[in-house]
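# Secondary and tertiary structure notes
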Amino acid sequence: MRIAVLTETDANEARVAATPDTVKKLVGLGASVVVQSGAGAGSGLKDADFEAAGATIATDAAAAAGDADAVLLVRRPEGERLAAIKEGAVVVATMDPYGNEAALQAMAERKLAAFSMELMPRITRAQVMDVLSSQANLAGYRAVIDASAVYGRAMPMMMTAAGTVPAARVFVMGAGVAGLQAIATARRLGAVVSATDVRPASKEQVESLGAKFVAVEDEEFKQAETAGGYAKEMSAEYKAKQAELVASHIAKQDIVITTALIPGRPAPKLVTKAMVETMRAGSVIVDLAVERGGNCELSRPGEVVDHDGVKVVGYLNVPGRLAATASSLYAKNLLAFVETMIDKEKKVLAPAWDDELVKATLLTRDGAIVHPSFQPQPQPAA
C-alpha cells in the first residue's frame, strides 16, 4: 500500500495534505508513504521532517505518484499532477466539484477513484473528517485578524490619560462555523459585536458568544434551515426586509465580515455598493465568500478595494494564510477518512464502496462520474 503526498501547484496554496504526525500514523497502518520534495515548505515543514516520520522523498510528482495506490492533495489534481497519477488510484482532496464538470470528466477518464472531502456528510461519525468546518474555523479567526490589520485603529475600548478610545463595532454576516469563530475572536479582541444569519438556531449561538443578533424574525425566518443544517434560499420579500434592516445596521459599523455561502450556488449578495457608501471612511469589509462571487458587490478576488475610504478585503484562500495550522487540521481530517479505507489486517487499501462516507464523497470511479449530483444530464431530443 503506497500513499503519495504531492506539492500543491496553485500560487495561493501554501497548505499540504499530510504532516509528519499523520505520515507516522499512515506508516503505522502499513503504508509506504512518499512525499514530493517541498510539499510542506509553505507550512514550515521540511523534507527532513517527513523523512524522520518514515516517509520517502520523491523529486517530482511523477516519481511520487507513479506507483501510488492513493494520492493525498489539498486541491483537485489537474495538468501534470493529474497525468502523474496511475489509473485506478484513489485520490482524496478538496475537489471544488460544483461548476467544474470538465475537471471531473478528466479525472473519470484517468479512471481515478476521486473523493471530494467537501461532500463529507455532517454526521457524528464524520465530524473528525469535516474539512469544511476545520478550515472555516480558521478562516473566521483570520478574517478578524486581517480586518484589524487593515482597520488601522484599536479594537478594544481603552481608557487613557489622553482620552477614551472607543471599542470597534464589528458586524458578522453569517453565523456558521466561520462566522461563530469570527464573533468569538472579535469579542476576545474587545470589539462590540453583532451578527446575523437566516437560520433560527444561530440566534442562540450568537447570543451565547456575547454578540447581539440582528435579523427579521418572521415566520419565514423560523423555517429557514435545511435538514442538513444549511441555510435555505430566502424569498425576495424576506431578502428585501432583511436588506433594509442590515443596511441601517451596517452604516454604524467599523468592520463587517461576510461569510455566507450556499453549497453549489454563487455566494448571495448581502452588501451593496449603496450600503458600503453609508459606512464612514476607515471602515473595513472582509469578504470570506469572494472566491464564490462574493457577498459584497464591490469585492474583488485577491484584492483590497478602496471605495471612498472604505476598504473591501477579498483575500484568496484565507485558511491558507494560516498554512501551518490549516495543514495540521486538514491532514488529520484526511487521515481519519483514509483510515476507514484501510484493511488493517491485510494492510491494503480496500474502500468499502457501500459505506455511507464513501458513497457521499466519491465523485468518479472506473472511468465514470458516479456521484448523482454531478453526473452529466441527458440532452433533450431535437
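Note: the structure precedes this text.
Now for a description of the structure that goes with this document. (Residues numbered from 1 in each chain as written. Predicted model: local features only at pLDDT ≥ 70, side-chain atom pairs only at ≥ 80, totals over all residues. Heavy atoms only, no water.)

Turning to helix H6 (residues 131–151), a few remarks are in order. The first and last C-alpha atoms of H6 sit 30 Å apart over 21 residues, in line with the 30 Å expected at 1.5 Å per residue. In this structure Asp130 caps H6, since a side-chain oxygen of it lies 3.2 Å from the backbone nitrogen of Leu132. Backbone geometry just downstream of H6 places Gly152 in the positive-phi region, at approximately 80°. (Helix = DSSP H or I, 4+ residues; strand = E, 2+ residues; numbered from the N terminus. Expected span 1.5 Å × (residues − 1). Polar contact = N/O pair within 3.5 Å; in protein donor to acceptor, adjacent residues only side chain to side chain.)

Before going further, it helps to spend a moment on the pattern of salt bridges. This model, assessed by the stated rule, comprises 20 salt bridges. A salt bridge links Lys86 to Asp69; the nearest nitrogen and oxygen atoms lie 3.3 Å apart. Of the two residues, Lys86 sits in the loop between helix H4 (79–84) and strand S5 (90–94) while Asp69 sits in the loop between helix H3 (61–65) and strand S4 (70–75), which places them 17 residues apart along the sequence. Residue Asp69 is classed as partly exposed on the basis of its relative accessible area of 26%. We note a salt bridge from Glu339 to Lys344, for which the minimum N-O separation is 4.0 Å. Given a relative accessible area of 44%, Lys344 falls into the partly exposed group. Bridged by salt links that share partners, the residues Asp10, Glu13, Arg15 and Arg75 form one connected network. (Salt bridge = Lys/Arg side-chain N within 4 Å of Asp/Glu carboxyl O. Buried < 20%, exposed > 50% of the residue type's maximum accessible area, 1.4 Å probe, protein only.)

Here we come to the sheet that holds strand S3 (residues 56–58). The strand order S3-S2-S1-S4-S5-S6-S18-S19 describes an open sheet built from 8 strands, whose pairing is mixed. With partners counted over all chains shown, the strands left at the sheet margins are S3 and strand S19 (368–369), one partner each. In this structure, S5 lies alongside strand S6 (residues 113–116), joined through 4 bridges in parallel fashion. Each bridged residue has a counterpart across the sheet, and for Ala93 the counterpart in S6 is Ser116. (Pairing = 2+ DSSP bridges.)

The next point concerns the packing of aromatic side chains. Taken as a whole, this structure holds 3 aromatic pairs when the rule is applied. Centroid distance Phe115 to Phe337: 5.5 Å. Interplanar angle 75°. Geometry classified as edge-to-face. Placement of Phe115 in strand S6 and of Phe337 in helix H12 (residues 323–339) is noted, with a sequence separation of 222 residues between them. By relative accessible area, Phe115 is classed as buried at 0%. Of the residues examined, Phe337 reaches a relative accessible area of 0% and is grouped as buried. (Phe/Tyr/Trp six-rings, centres within 6.5 Å; stacked < 30°, edge-to-face > 60°.)

A separate point is the sheet that holds strand S11 (residues 212–213). Taking strand neighbours across the sheet as the criterion, the 7 strands line up as S11-S10-S9-S12-S13-S15-S14 in an open arrangement whose pairing is mixed. A single partner strand is all that each edge strand has here, and the edge strands are S11 and strand S14 (304–307). Of the pairings in the sheet, the one linking strand S13 (residues 284–287) to strand S15 (residues 310–313) comprises 3 bridges and is parallel in character. In the sheet register, Val286 faces S15, and the bridge partner there is Val313.

Looking now at unusual backbone geometry. Its identity is not glycine, yet Lys111 carries a phi of approximately 60°, on the positive side. Here Lys111 lies in the loop between helix H5 (101–109) and S6. Here Lys111 falls in the partly exposed class, since its relative accessible area comes to 43%. The residue Asp308 is not glycine, and still its phi comes out positive at about 50°. One can find Asp308 in the loop between S14 and S15.

A few words now on the pairing of strand S9 (residues 169–173). Summarising burial for S9: 4 of the 5 residues are buried, a large majority. Pairing between S9 and strand S10 (residues 192–196): 5 bridges, direction parallel. For Val172, the partnering residue across the bridge sits in S10 and is Ala195. The β-α-β motif built from S9, the intervening helix H7 (residues 177–188) and the parallel element S10 has right-handed crossover chirality. (Right-handed = clockwise from strand over helix to strand, strands pointing away.)

This part covers the side chain of Ser116. Assignment of secondary structure puts Ser116 in strand S6. Look at Ser116 and you get buried, because its relative accessible area is 0%. Separated by 2.6 Å, the side chains of Ser116 and Glu118 make a polar contact. With near-sequence residues (within four places) excluded, Ser116 lies in contact with Ala93, Met95, Pro97, Thr361 and Leu363. (Contact = heavy atoms within 4.5 Å.)

This part covers the packing of helix H1 (residues 20–28) against H12. One can describe the packing of H1 onto H12 by two numbers: an axis separation of 9 Å at closest approach and a directional angle of 15°. Overall, the two elements H1 and H12 adopt an arrangement that is roughly parallel. Every pair of crossing elements has a handedness; the one defined by H1 and H12 is right-handed. From H1, Thr22, Lys25 and Leu26 reach across to H12, where they touch Ala331, Lys332, Leu335 and Val338. Split into classes, the residues belonging to the contact of H1 with H12 amount to 4 nonpolar, 1 polar and 2 charged. (Axes fitted to C-alpha atoms, helices over the stretch in contact; angles between N-to-C directions. Parallel < 35°, antiparallel > 145°, perpendicular 65-115°, else oblique. Left-handed = near helix turned anticlockwise from the far one by under 90°. Nonpolar A, V, L, I, M, F, W, Y, C, P; charged D, E, K, R; others polar.)

In this section: the environment of Arg15. Secondary-structure assignment places Arg15 in the loop between strand S1 (2–5) and H1. Distance in space between the C-alpha atoms of Arg15 and Tyr330 is 8.6 Å, their sequence separation being 315 residues. Every residue in contact with Arg15, bar those within four places of it in the chain, is listed here: Glu8, Ala39, Ser43, Val74, Arg75, Gln135, Asn317, Pro319, Gly320, Ala323, Ala326 and Ser327. Here Gln135 takes part through its side chain, which lies 2.8 Å from a polar atom of the side chain of Arg15. One polar contact links Arg15 to Asn317, side chain to side chain, over a distance of 3.2 Å.

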